[in-house]
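What follows is the residue order along each chain.
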Amino acid sequence: MKIKSIRAVKKIAGKKVFLRADFNIPLKNGKVEDDFKIAASLPTIRFLLRYKCRVIIGTHLGRPLKQAGKKTGRQENKKEYSTKPIARRLGELLGRKVKFIDDCVGPKVREAASGMKEGEILMLENLRFYKEEKENDKEFARELASLADIYVNNAFAVSHRAHASVSAIKKYKPAYAGLLLENEVLSLKKILTPRKPLVVVIGGAKIKTKLPMLKKIRRNAGKVLVGGALANNFLSALGYEVGRSLVDEENIKLAKKIYSKYKFLGNKKIILPLDVVVSKRKDGGGKVSVKDIDKVNKSDVILDIGPRTIKLFSAFIKEARTIAWNGPMGKFESDHFRHGTLSIARVIAARSTGTAFGVVGGGETVEALKMTKMMDYVDWVSTGGGAMLAFLGGEKMPGLKGIAR
Ligand code: ADP
Ligand code: MG
């Protein structure tokens, strides 16, 4: 893998940098709720500031145009999706002034960018206020690029998308990888060329996004431990009763297909739950019980893995030299159904400290890991969910093209 890192830029001092960050984070009442992604980008920003660069930061936040049902032009007055609170928090974390400007292209932005002094930081308004961002529009990309001398991509989480600020923009200015992006790629590479045994833990709900990864890693993986709603599809495909659990025909079909691909390898790599935690209600209310997988009946809803499964999965994780985890083992958002996910999270975190190389990624997965307060134990916590799966699945990564391959 060759990475064009910002560490290798010649004469970087004082340069004007367009930094594509991923600050797509939850806001509540105009305040940043979780600054994990901002914190992850600080080393890159500090690196640039050490060289007195002038740093122009662009990010997206949510889906402002989709929400407004508007397909064209600039989305006005969308306070809810403004990046202004992010600029404020970034300033607090850096202990420096971060100037905010309420647009990302146009004369106002050009003027602000051209007047910047060494070591100044300018944060642009939400890039997705323009439909051109998602359309990978060349003119839009050229205008963003024209603000700076060099372009730096640090937004791994959107690098599986062909969007203007991660893809087209690279044509117009020398392009580099930020430190965060570089670390993402180097860490995920270790899953693709693992120290063996590699144990993959996979759960959550969205099977479709996880299939390419399951296909790609099947030769290298020693074991693939499947939990969460994902496991329901596999169990159903194998003829088990899953009652009223979260499954659907399409996903059962996909599970069947991937299962047969694994079977073709001649050994039992896919490990499914032995027991589960069930409720009679989809919302998890009412009586909760633990059942062996062949005792689940038509009225049950599977919402977590059971204790025997936790033990079994843990035993495999404890043997691993490399671990990759994406997707909760159950509906961890409610108290009754988080034991599986949190237990597995703790074993992965503990094992990741020294003995195995551990990578954890995915929006909800990282949420769950955070609950254990063991996030720091894990070697690499990815800032990308979909992007991590795409990378591990060998899919196209337009945001990495030319800077990390
Ligand atoms: P990530 O965001 O980490 O990639 P996903 O988006 O694929 O993970 O899935 C996370 C969601 O899956 C969680 O909100 C969780 O509640 C849900 N989930 C996991 N297992 C189950 C289950 N057995 N039944 C219902 N929902 C589940
Ligand atoms: Mg998710």
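Residues numbered from 1 in each chain as written. Chains lettered and ligands numbered in written order. Predicted model: local features only at pLDDT ≥ 70, side-chain atom pairs only at ≥ 80, totals over all residues. Heavy atoms only, no water.

**Considering the sheet that holds strand β8 (residues 175-177)**
With parallel pairing, six strands are arranged side by side in an open sheet as β5-β6-β4-β1-β7-β8. Strands at the two margins of the open sheet, each flanked by one partner only, are β5 (99-100) and β8. Summarising the sheet, strand β7 (residues 150-153) and β8 pair through three bridges and their orientation is parallel. Its bridge partner lying in β8, V152 is registered against Y176. (Pairing = 2+ DSSP bridges. Helix = DSSP H or I, 4+ residues; strand = E, 2+ residues; numbered from the N terminus.)

**A closer look at the site of ligand 1**
Around ligand 1 lies a shell of 19 residues, among which K210, A229, E333, E364 and T365 are the nearest. Measuring from an oxygen atom of ligand 1, one finds a backbone N or O atom of G363 at 3.4 Å. T365 is positioned such that a nitrogen or oxygen atom in its side chain is 2.4 Å from an oxygen atom of ligand 1. With the chains in place, 88% of the 580 Å² that ligand 1 exposes on its own is no longer accessible. Mapped by element, the contributors of at least two residues to the shell around ligand 1 are α9 (228-237), β14 (301-305) and α13 (363-371). Looking at the shell around ligand 1 residue by residue, the classes come out as six nonpolar, eight polar and five charged. (Near = heavy atom within 4 Å. Polar contact = N/O pair within 3.5 Å; in protein donor to acceptor, adjacent residues only side chain to side chain. Areas by Shrake-Rupley, 256 points an atom, 1.4 Å probe, with all protein chains shown as cover. Nonpolar A, V, L, I, M, F, W, Y, C, P; charged D, E, K, R; others polar.)

**Remarks on the domain arrangement of the protein**
In terms of domain boundaries, the protein breaks down into domain 1 (6-180) and domain 2 (188-392). Computed from C-alpha atoms alone, the centre-to-centre distance between domain 1 and domain 2 is 34 Å. Contact with domain 1, which involves nine residues of that partner, is made by 15 residues of domain 2. Summed over both partners, the interface of domain 1 with domain 2 buries about 850 Å², with 74% contributed by carbon and sulfur atoms. Remark: the boundary between domain 1 and domain 2 carries one salt bridge. The salt bridge involving K370 is made with D34; its shortest N-O contact spans 2.4 Å. (Domains from an automatic or database assignment. Contact = heavy atoms within 4.5 Å. Buried area = accessible area lost by both parts, 1.4 Å probe. Salt bridge = Lys/Arg side-chain N within 4 Å of Asp/Glu carboxyl O.)

**Description of the pattern of salt bridges**
Applying the stated rule across the entire model yields 20 salt bridges. Residue E143 pairs with R110 through a salt bridge whose shortest N-O separation is 2.7 Å. Note that E143 is positioned in helix α6 (residues 138-145) and R110 in helix α4 (residues 107-114), a separation of 33 residues in sequence. Classification of E143 as partly exposed rests on a relative accessible area of 25%. Salt-bridge contacts for K131 lead to E132; the nearest nitrogen and oxygen are separated by 3.4 Å. Beyond isolated ion pairs, a larger network of salt bridges with shared partners links D34, E367 and K370. (Buried < 20%, exposed > 50% of the residue type's maximum accessible area, 1.4 Å probe, protein only.)

**Quick notes on the sheet that holds strand β12 (residues 275-279)**
Across the sheet, three strands lie side by side as β13-β12-β14; this open sheet has antiparallel pairing. Lying at the two open borders of the sheet, with one neighbouring strand each, are β13 (288-292) and β14. Each strand of the sheet is rotated relative to its neighbour by a mean of 40°, with strand direction disregarded. When β12 meets β14, the two strands line up antiparallel, connected through four bridges. From the neighbouring strand, V276 faces β14, where its bridge partner is I305. Sitting on the sheet, helix α11 (residues 307-319) is in contact with β12, β13 and β14, with an inclination near 40° to β14. (Axes fitted to C-alpha atoms, helices over the stretch in contact; angles between N-to-C directions.)

**Comments concerning the environment of T341**
Turning to its location among the elements, T341 is positioned in helix α12 (residues 339-352). A sequence separation of 40 residues divides T341 from V301, and the C-alpha atoms of the two residues are 17 Å apart. In contact with T341, not counting residues within four places along its chain, are D304, W325, P328, M329, G330, F332 and A368. Polar side-chain contacts of T341 include one of 3.2 Å to the backbone nitrogen of G330.

**Examining empty space enclosed by the protein**
Leftover empty space is mapped by rolling, across the atoms, a probe with the size of a water molecule. Inspection of every chain in the model, using the stated rule, returns one cavity of 30 Å³ or more. In this structure, the largest cavity encloses a volume near 30 Å³. Lining the largest cavity, in full, are D22, K37, N154, L180 and T383. Here the lining of the largest cavity is composed, by residue class, of one nonpolar, two polar and two charged. (1 Å grid on protein atoms, 1.4 Å probe; cavity = no way out; pocket = protein on both sides within 12 Å on 5 of 7 lines; lining within 4 Å. Points joined across faces, edges and corners; volume = space filled by probe spheres on them.)

**Some remarks on the nonpolar core**
Most often, soluble globular proteins keep nonpolar side chains buried together rather than apart. Core analysis: the biggest nonpolar cluster contains 81 residues, and L124, F156, V224, V226, F234 and F391 have the highest contact counts within it. Mapped onto the domain boundaries, this core takes at least three residues apiece from domain 1 (6-180) and domain 2 (188-392). With residues near it in sequence (within four places) discarded, V226 still touches I202, A231, F234, I270, I271, L272, P273 and F313. Formed by 30 residues, the second largest nonpolar core is a distinct cluster that contains L48, V98, Y176 and L179. (Core = buried A, V, L, I, M, F, W, Y, C linked by side-chain atoms within 4.5 Å.)

**Here we look at the pairing of β12**
Burial analysis of β12 places five of its five residues in the buried class, the great majority of the element. Judged by which residues are buried, β12 turns out to be covered on both faces: D275, V277 and S279 on one side and V276 and V278 on the other are all buried.

**Description of the environment of G62**
Along the chain, the position of G62 falls in the loop between β4 (54-58) and α2 (64-68). When the C-alpha positions of G62 and N220 are compared, they lie 35 Å apart, and in sequence the two are 158 residues distant. When neighbours within four sequence positions are excluded, G62 is seen to be in contact with N24, Y81 and R128.

**Description of a positive patch on the surface**
Taken together, the side chains of K4, K138, K171, K396, K401 and R405 make up a positively charged region of the molecular surface. Turning to its location among the elements, K401 is positioned in the segment after α14 (386-392). (Patch = residues over 30% accessible without salt bridge, like charges linked within 9 Å, V, L, I, M, F, W, Y side chains within 5 Å. Lys, Arg positive; Asp, Glu negative; His and termini not counted. Charge placed at Lys NZ, Arg CZ, Asp CG, Glu CD.)

**Comments concerning the packing of helix α1 (residues 36-50) against helix α3 (residues 84-94)**
Running from amino to carboxyl end, α1 crosses α3 at an angle of 60°, the nearest separation of the two axes being 11 Å. Helix-helix and strand crossings are classified by hand; for α1 and α3 the assignment is right-handed. Across the interface between the two elements, I38, A39, L42, I45 and R46 of α1 pack against I86, R89, L90, L93 and L94 of α3. (Left-handed = near helix turned anticlockwise from the far one by under 90°.)

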